[in-house]
Amino acid sequence: MSTELKKQEEQVPTRTNATYRRPYYTVDGDKEAYRVSVFMPGVAKDDYSLSVHRDELLVEGRKQLGAPEGGRYLHREITPESYKLRLQLNVSVDPDGIKAVSEDGVLTITLPVAKEARPKTIKIS
Amino acid sequence: MRLIKHDSFFNDPWTDLDRLFETSFPELYQWTPLRQGGRARSVPMDVHETEGERTVRMEIPGVRKKDIELELENSVLSVRAKREEETDAGPQSIELTRSVTVGDDIDADKIKANLDNGILTVVLPKQEQAKPKQITVG
């Protein structure tokens, strides 16, 4: 009986980390900087990577879920995949001024708008 | 001005292609029917059981410890969580809720909950009399 059950378990396709999940994100900001919050539950502080190349922002987060020992799952929805988000930026940002903070599974990235891209007020003389 | 250029399939075809493929052939993928990623209000959940306890895990990124309400009533565990999202239209309060029947054999006084990187883990130990007992044949 117990061997039968085990066989069934082995047939379930296991997912590799080669596939990524696109995380949910929000954007807000003002004239000087934009803030992008990327929701990536299960990613620890040291497991994020962030890069800006030309106008592309790439965010990756390696998800690590501790698997419980023994027992069985009664219900499963949480996926083990890591996260990858690629965004095309419409605004030129100052790459040296980019800051990122992670808290409660959310990575908040501050992207300062490059000086030349900020709106200029022109005085009428 | 908008920060992100038109966000579409063409920006990031591979992850979306993956998803398209997985929703087209759900039988190939264990997770597909339950995939809820990329949505604001979904709370994906795992329930795991061992002889001594049941463990409920939920993804609630962006929620602070103080903004979580946990309740066990009539063998139903309810989670109510709130988070603030900054959007272009100003701050928005998002409420996340999820309930699950955890069984009537739980020792309510020994429940422990922990929040780690946006994942809430609730450990519900079973009552002593509910645990399986070994009976030796004399």
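None of these values were measured; they are calculated from a predicted model.

Here is what the cut-offs are and how they apply
- Residues numbered from 1 in each chain as written.
- Chains lettered and ligands numbered in written order.
- Predicted model: local features only at pLDDT ≥ 70, side-chain atom pairs only at ≥ 80, totals over all residues.
- Heavy atoms only, no water.
- Helix = DSSP H or I, 4+ residues; strand = E, 2+ residues; numbered from the N terminus.
- Buried < 20%, exposed > 50% of the residue type's maximum accessible area, 1.4 Å probe, protein only.
- Contact = heavy atoms within 4.5 Å.
- Areas by Shrake-Rupley, 256 points an atom, 1.4 Å probe, with all protein chains shown as cover.
- Pairing = 2+ DSSP bridges.
- Axes fitted to C-alpha atoms, helices over the stretch in contact; angles between N-to-C directions.
- Salt bridge = Lys/Arg side-chain N within 4 Å of Asp/Glu carboxyl O.
- Core = buried A, V, L, I, M, F, W, Y, C linked by side-chain atoms within 4.5 Å.
- Phe/Tyr/Trp six-rings, centres within 6.5 Å; stacked < 30°, edge-to-face > 60°.
- Lys NZ or Arg CZ within 6 Å of the ring centre and 35° of its normal.

Attention now goes to the overall build of chain A. Helix and strand counts for chain A come out as 1 helix and 9 strands. Going from the N terminus to the C terminus, chain A shows its helices and strands as α-β-β-β-β-β-β-β-β-β. Residues classed as buried in chain A amount to 38% of the 125 residues present. Considering only contacts within chain A whose residues lie at least 6 apart along the sequence, 54% involve residues at least 24 apart. Here chain A displays about 7,900 Å² of accessible surface, and carbon together with sulfur accounts for 49% of that area.

If you tally the helices and strands in chain B, you get 1 helix and 7 strands. Along chain B, from the amino end to the carboxyl end, the secondary structure elements read α-β-β-β-β-β-β-β. Across the 138 residues of chain B, 37% fall into the buried class. Accessible area of chain B: about 8,600 Å², with a carbon and sulfur share of 49%.

This part is about the sheet that holds strand β8 (residues 99–103) of chain A. Residues and elements named next belong to chain A. Taken in spatial order, the 4 strands make up an open sheet running β2-β3-β9-β8, and their pairing is antiparallel. Looking at the sheet topology across the chains shown, the edges are occupied by β2 (24–29) and β8. If you compare each strand with its neighbour and ignore which way they point, the axes differ by 15° on average. One ladder, built from 6 bridges, connects β2 with strand β3 (residues 33–39); its direction is antiparallel. Of the residues in β3, the one forming a bridge with Gly29 is Tyr34.

What follows deals with the sheet that holds strand β4 (residues 76–87) of chain B. All names here are of chain B. Strand order in this open sheet of 3 strands is β3-β4-β5, and the pairing throughout is antiparallel. Looking at the sheet topology across the chains shown, the edges are occupied by β3 (68–73) and β5 (90–101). Strand after strand, the sheet turns through a mean of 15° between neighbouring axes, direction not considered. The sheet contact formed by β3 and β4 spans 6 bridges and is antiparallel. Looking at the pairing, Ile68 lines up with Ala81 of β4.

So, on to the pattern of salt bridges. What the rule picks out here adds up to 16 salt bridges over all chains. Because the salt bridges share partners, they merge into one network encompassing Arg72 of chain A together with Glu49, Arg54, Asp105 and Lys126 of chain B.

Most of β2 of chain A sits out of view: 5 of its 6 residues are buried. Turn length for the β2 of chain A-β3 of chain A hairpin, with the two strands adjacent in sequence and antiparallel, is 3 residues.

Next up on the list: the environment of Ala117 of chain A. Residue and element names in this part refer to chain A. Note on placement: Ala117 falls in the segment after β9 (106–112). The exposure class assigned to Ala117 is partly exposed, which follows from its relative accessible area of 26%. On a C-alpha basis, the gap between Ala117 and His75 in space is 50 Å, while along the polypeptide they are 42 residues apart.

Before going further, it helps to spend a moment on the nonpolar core. Counting residues in hydrophobic clusters, the biggest one holds 22 residues, and the most contacted among them are Tyr25, Val36 and Met40 of chain A together with Leu3 of chain B. Taken together, the elements giving at least two residues each to this core come down to β2, β3, β4 (43–53), β5 (56–63), β7 (82–88) and β9 of chain A.

This paragraph deals with the packing of aromatic side chains. Residues and elements named next belong to chain A. For the coordinates displayed, the defined rule picks out 1 aromatic pair over all chains. A ring pair is formed by Tyr24 and Phe39, whose centres lie 5.1 Å apart and whose planes are at 50°; its orientation type is tilted. Here Phe39 lies in strand β3 and Tyr24 lies in strand β2, a separation of 15 residues in the sequence. Look at Phe39 and you get buried, because its relative accessible area is 7%. Here Arg76 stacks its cationic end above the ring of Tyr73, 4.0 Å away from the centre of that ring.

All quantities given are derived from atomic positions and should not be read as evidence of function.
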